[in-house]
Amino acid sequence: MARKPGGKSGSWEWSRTAQTRKSMLQAARDVFSEHGFADANVADVVERAGSSVGSLYHHFGGKTELFLALYEEHQASHEEAAAASVAAAKQAGVKDPVELFIAGARAFLEGSWQRRDLARLFMDGDGPPGFELMRRTRGREWVRQNAVLLGAANTPTDRLTVSVLTSVIGEAGREVATSETEEEAQEVVEAAIALIRRFGDPLATHDAAIGAATGATDATDATDAADAADAVDDAEAALG
């Protein structure tokens with residue numbers, strides 16, 4: 001009789017598969033960080049993972065796919081940490097878009113230090129064919145997400161500001177990843193935050209201007225309504 005899928009056996013198989021993937025990704029991280037993509041050897045990866053070449057190809061398809069899986073995992077960690085930090089800032093009552101942006105930026109830069117081996121690997125330009133295009137595509141999406149977070153308008157000034165702020169984070173991430181000590185990395189983080197506050201001023205001014213205009217419009221509407229009511233009263237008095 002064929003064994004039914006699921007149950008304890010199915011859970012064990014899933015757990016073993018997940019552990020195998022995790023071991024291979026960690027081994028790949030070590031090997032790629034030491035040798036780069038071009039000089040890395042699949043045999044070295046499976047040896048460190050305590051696995052087999054067949055298993056690696058089964059789970060990832062090859063060296064290129066393994067490298068890209070490592071990149072996607074690294075980026076997902078960045079995104080999850082930034083989103084959690086922004087959510088925590090909102091929960092704490094922070095409403096200023098630039099300060100929310102800074103909360104996400106801090107998380108990104110902390111991750112750049114914690115995973116500095118990967119950050120250095122992916123910024124070296126030593127990747128499989130098509131990797132640079134993938135990075136550029138993700139970079140454009142990053143700018144778009146930042147524009148939403150910052151509440152930027154679709155104007156040349158706001159688009160430029162968002163691009164500059166995103167570039168500040170990216171370049172700071174490079175400097176953090178190549179810092180010799182955590183103290184040095186933290187100095188870079190604080191310098192980047194200061195630049196973000198400085199260059200984020202146009203957006204803050206833009207938001208303030210919108211708020212002032214909205215307030216002025218509301219006040220004008222109220223005045224117009226009062227004037228209209230007075231005019232009606234005057235007309236009724238004249239007719240009476």
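As the structure is a computational prediction, the values presented were derived from the model and not from experiment.

Asks: Explain the overall build of the chain to me, using residue names and the numbers behind them.
Replies: Helix and strand counts for the chain come out as 10 helices and 0 strands. Each helix (α) and strand (β) of the chain, taken in turn from the N terminus, gives the series α-α-α-α-α-α-α-α-α-α. Per-residue burial over the chain gives 31% buried out of 240 residues. Within the chain, residue pairs in contact and separated by at least 24 positions form 71% of the contacts whose partners lie at least 6 positions apart.

Asks: Break down the packing of helix α5 (residues 97–114) against helix α8 (residues 156–177) for me, with residues and values.
Replies: The geometry of α5 relative to α8 is characterised by a closest axis approach of 8 Å and an angle of 25° between their N-to-C directions. The angle between α5 and α8 places the two elements in the roughly parallel class. Between α5 and α8 lies a crossing of right-handed hand. On α8, the residues that touch F101, A105, F108, L109, S112 and W113 of α5 are L165, T166, I169, A172, G173, V176 and A177. Classifying every residue of the contact of α5 with α8 gives 10 nonpolar, 3 polar and no charged.

Asks: Please set out the nonpolar core residue by residue, giving values where relevant.
Replies: In terms of nonpolar packing, the biggest core is built from 23 residues, with F32, L66 and F122 touching the most fellow members. Broken down by secondary-structure element, the contributors of at least two residues to this core are α1 (7–39), α2 (42–49), α4 (63–91) and α6 (116–123). Here this core takes 7 residues from α1, the largest share from any one element. Other than its neighbours up to four places away in sequence, L66 contacts M24, L25, A28, F32, V45, L56 and F60. Listed in part, the 21 residues of the second largest apolar core include W113, V168, A185 and A192.

Asks: Tell me what's going on with α6, and back it up with residues and numbers.
Replies: All buried positions along α6 are accounted for by L118, A119, L121, F122 and M123. Count one or two residues on from α6 and you reach G125, which has phi positive near 80°.

Asks: Could you give me a rundown of the pattern of salt bridges, with the residues and numbers involved?
Replies: All told, the structure shown has 9 salt bridges when counted by the stated rule. One salt bridge in this structure joins E99 and R197, with 3.0 Å as the shortest N-O distance. Here R197 lies in helix α9 (residues 182–199) and E99 lies in helix α5, a separation of 98 residues in the sequence. Overall, E99 belongs to the partly exposed group, its relative accessible area being 25%. Classification of R197 as partly exposed rests on a relative accessible area of 39%.

Asks: Account for the packing of aromatic side chains, naming residues and giving values.
Replies: In total, this model carries 9 aromatic pairs according to the counting rule given. With a centroid separation of 5.3 Å and 85° between ring planes, the pair formed by F32 and F67 is classed as edge-to-face. Taken together, the residues F32 in helix α1 and F67 in helix α4 connect sequence positions 35 residues apart. F67 carries the same exposure label as F32, and that label is buried. Their ring planes at 50° and their centres at 6.0 Å tell us that F122 and F131 sit as a pair that is tilted.

Asks: Which residues make up the side chain of R115, and what values do they have?
Replies: Its location among the elements puts R115 in the loop between α5 and α6. It is D117 that comes nearest to the buried, bridge-free R115 among opposite-charge side chains, at 7.1 Å. Discounting residues that sit within four places of it in the chain, R115 has contacts with R29, H74, S77 and H78.

Asks: Describe the packing of helix α7 (residues 131–150) against α8, listing the residues and the values that go with them.
Replies: Direction vectors running N to C along α7 and α8 enclose 125°, while the axes themselves pass 9 Å from each other. As judged from the angle between their axes, α7 and α8 are oblique. The crossing of α7 and α8 is right-handed. Where α7 abuts α8, its residues R135, W142, V143, N146, A147 and L150 lie against V162, S163, L165, T166, I169, G170 and R174. When its residues are assigned to classes, the contact of α7 with α8 shows 7 nonpolar, 4 polar and 2 charged.

Asks: I'd like a description of a negative patch on the surface, backed by residues and values.
Replies: On the surface, E175, E180, E183, E184 and E187 cluster together into a patch of negative charge. Mapped onto the elements of the fold, E184 is located in helix α9. Judged by its relative accessible area of 35%, E184 is partly exposed.

Conventions and cut-offs
- Residues numbered from 1 in each chain as written.
- Predicted model: local features only at pLDDT ≥ 70, side-chain atom pairs only at ≥ 80, totals over all residues.
- Heavy atoms only, no water.
- Helix = DSSP H or I, 4+ residues; strand = E, 2+ residues; numbered from the N terminus.
- Buried < 20%, exposed > 50% of the residue type's maximum accessible area, 1.4 Å probe, protein only.
- Contact = heavy atoms within 4.5 Å.
- Axes fitted to C-alpha atoms, helices over the stretch in contact; angles between N-to-C directions.
- Parallel < 35°, antiparallel > 145°, perpendicular 65-115°, else oblique.
- Left-handed = near helix turned anticlockwise from the far one by under 90°.
- Nonpolar A, V, L, I, M, F, W, Y, C, P; charged D, E, K, R; others polar.
- Core = buried A, V, L, I, M, F, W, Y, C linked by side-chain atoms within 4.5 Å.
- Salt bridge = Lys/Arg side-chain N within 4 Å of Asp/Glu carboxyl O.
- Phe/Tyr/Trp six-rings, centres within 6.5 Å; stacked < 30°, edge-to-face > 60°.
- Lys, Arg positive; Asp, Glu negative; His and termini not counted.
- Patch = residues over 30% accessible without salt bridge, like charges linked within 9 Å, V, L, I, M, F, W, Y side chains within 5 Å.
- Areas by Shrake-Rupley, 256 points an atom, 1.4 Å probe, with all protein chains shown as cover.
- Charge placed at Lys NZ, Arg CZ, Asp CG, Glu CD.

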